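The chain contents come next:
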Amino acid sequence: MEQIIISKTIDFVKETLAGAETGHDWFHIERVYKTAKQINNLEKGDTLVVALAALLHDIADSKFNGGDEEIGPQIAGDFLRSLNLETAIIEHVQEIIRNLSFKASLGKITFASKELDIVQDADRLDAIGAIGIARAFTYGGFKNRVLYDPEIKPQQYPDKEAYKNTVAPTINHFYEKLLLLKDLMKTPAGKQMAEERHEFMQIYLQQFYAEWEGIK
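Everything numeric here is computed off the predicted structure, so don't read it as measured data.

**Student:** Before we go on, may I ask you to explain the overall build of the protein in this structure?
**Tutor:** Along its length, the protein carries 10 helices and zero strands. Its helices and strands taken in sequence order, the protein reads α-α-α-α-α-α-α-α-α-α from the N to the C terminus. In summary, the protein has a C-alpha radius of gyration of 18 Å against a globular reference of 17 Å for 216 residues, a match within 12%. Based on the C-alpha atoms only, the size of the protein along its principal axes is roughly 60 × 35 × 30 Å. Expressed as a percentage of its 216 residues, the buried residues of the protein come to 49%. Across the protein, every contact between residues at least 6 apart in sequence was considered, and the portion connecting residues at least 24 apart equals 66%. Carbon and sulfur atoms provide 52% of the accessible area of the protein, an area that totals close to 11300 Å².

Structure representation (structure tokens):
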């Protein structure tokens, strides 16, 4: 029965995200889903909740919906209710979606669960390393942001509204988010997987600055 629910959810997500910005498309969802399953094999969270939250976490990302942070949980809830799932499962998945993002961590944390930690780590892992770099520049291009401007320094954001409204160069995003994620991982598996991806980003930045200065 669980597999039928997951299969229907996959079909729903693929259809809903057809044509989405490529850093937040089905392939991103699929990677997060696979990584979440891998972490969950060790963490032993609720298999169905982890799967559904991983698959639905970006069903309507607020940054593509006028900043509306409730549209994602609402769409996910409506879909899950159509499958006649238990209210507790639906609400758990919705809370994970609400509290998953990096910007959510800049506000007041109102929910915690093992399943949130698992899916959050999986999502954050997809934001770092080689794919994370590709996604960062894809989104920067989508928003027509400059690659790098030495005159614009990275900053620390006091709250999630400030973070949501940034128009900083893409390279700044490494220092404002991506390089911070390794130390924000919650699960042992997530922490271990983040190490190599974090190191890769550091190497990439060294090469980027060398090429920028014409040294290499």
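Here the narrative resumes.
**Student:** When you look at the environment of Gln192 in this model, what are you seeing that I'm missing?
**Tutor:** Mapped onto the elements, Gln192 comes out in helix α10 (residues 188-212). Among the residues examined, Gln192 registers a relative accessible area of 62% and is labelled exposed. C-alpha separation for the pair Gln192 and Phe111, spaced 81 residues apart in sequence, amounts to 24 Å.

**Student:** Teacher, can you tell me more about the packing of aromatic side chains here?
**Tutor:** For any pair of aromatic rings, geometry is given as the distance between the ring centres together with the angle between the planes. Across all of its chains, the model carries 11 aromatic pairs by this definition. Seen from their ring centres, Phe12 and Phe79 are 4.1 Å apart, and the 5° between their planes marks the pair as stacked. Placement of the pair is Phe12 in helix α1 (residues 2-16) and Phe79 in helix α4 (residues 71-82), with a sequence separation of 67 residues. The interplanar angle of 40° and the centroid separation of 6.2 Å between the aromatic rings of Tyr204 and Phe208 together place this pair among those described as tilted. Taken together, the residues Tyr204 and Phe208, both in helix α10 and four residues apart, mark about one turn of the helix. With a relative accessible area of 26%, Tyr204 lands in the partly exposed category. For Phe208, a relative accessible area of 12% corresponds to the buried category.

**Student:** Even after reading the chapter, I still don't get the side chain of Lys177, so can you show me in this structure?
**Tutor:** Mapped onto the fold, Lys177 is located in the loop between α9 (170-176) and α10. We note that Lys177 is buried and unpaired, the nearest opposite charge coming from Asp123 at a distance of 6.3 Å. Those residues within four positions of Lys177 in sequence are excluded, and the remaining contacts are Phe102 and Tyr163.

**Student:** Where do I start with unusual backbone geometry in this structure?
**Tutor:** What you tend to see is this: most non-glycine residues have negative phi, and most peptide bonds are trans. Phi at Lys44 is positive, roughly 60°, even though this residue is not glycine. Assignment of secondary structure puts Lys44 in the loop between α2 (26-43) and α3 (47-56).

**Student:** Before we go on, may I ask you to explain the environment of Met185 in this structure?
**Tutor:** Relative to the helices and strands, Met185 resides in the loop between α9 and α10. Overall, the relative accessible area of 3% leaves Met185 in the buried class. Separated by 64 residues in the primary sequence, Met185 and Asp121 place their C-alpha atoms 5.6 Å from one another. Excluding anything up to four places from it in sequence, Met185 contacts Asp121, Arg124, Leu125, Ile128, Gly190, Lys191 and Ala194.

**Student:** Can you walk me through the environment of Ile152 in this structure?
**Tutor:** Looking at the element boundaries, Ile152 is found in the loop between α7 (129-142) and α8 (160-164). In this structure the C-alpha to C-alpha distance between Ile152 and Asn172, which are 20 residues apart in sequence, comes to 8.2 Å. With residues near it in sequence (within four places) discarded, Ile152 still touches Pro169 and Asn172.

Criteria and cut-off values
- Residues numbered from 1 in each chain as written.
- Predicted model: local features only at pLDDT ≥ 70, side-chain atom pairs only at ≥ 80, totals over all residues.
- Heavy atoms only, no water.
- Helix = DSSP H or I, 4+ residues; strand = E, 2+ residues; numbered from the N terminus.
- Rg over C-alpha atoms; globule rule 2.2 N^0.38 Å.
- Buried < 20%, exposed > 50% of the residue type's maximum accessible area, 1.4 Å probe, protein only.
- Contact = heavy atoms within 4.5 Å.
- Areas by Shrake-Rupley, 256 points an atom, 1.4 Å probe, with all protein chains shown as cover.
- Phe/Tyr/Trp six-rings, centres within 6.5 Å; stacked < 30°, edge-to-face > 60°.
- Lys, Arg positive; Asp, Glu negative; His and termini not counted.
- Salt bridge = Lys/Arg side-chain N within 4 Å of Asp/Glu carboxyl O.

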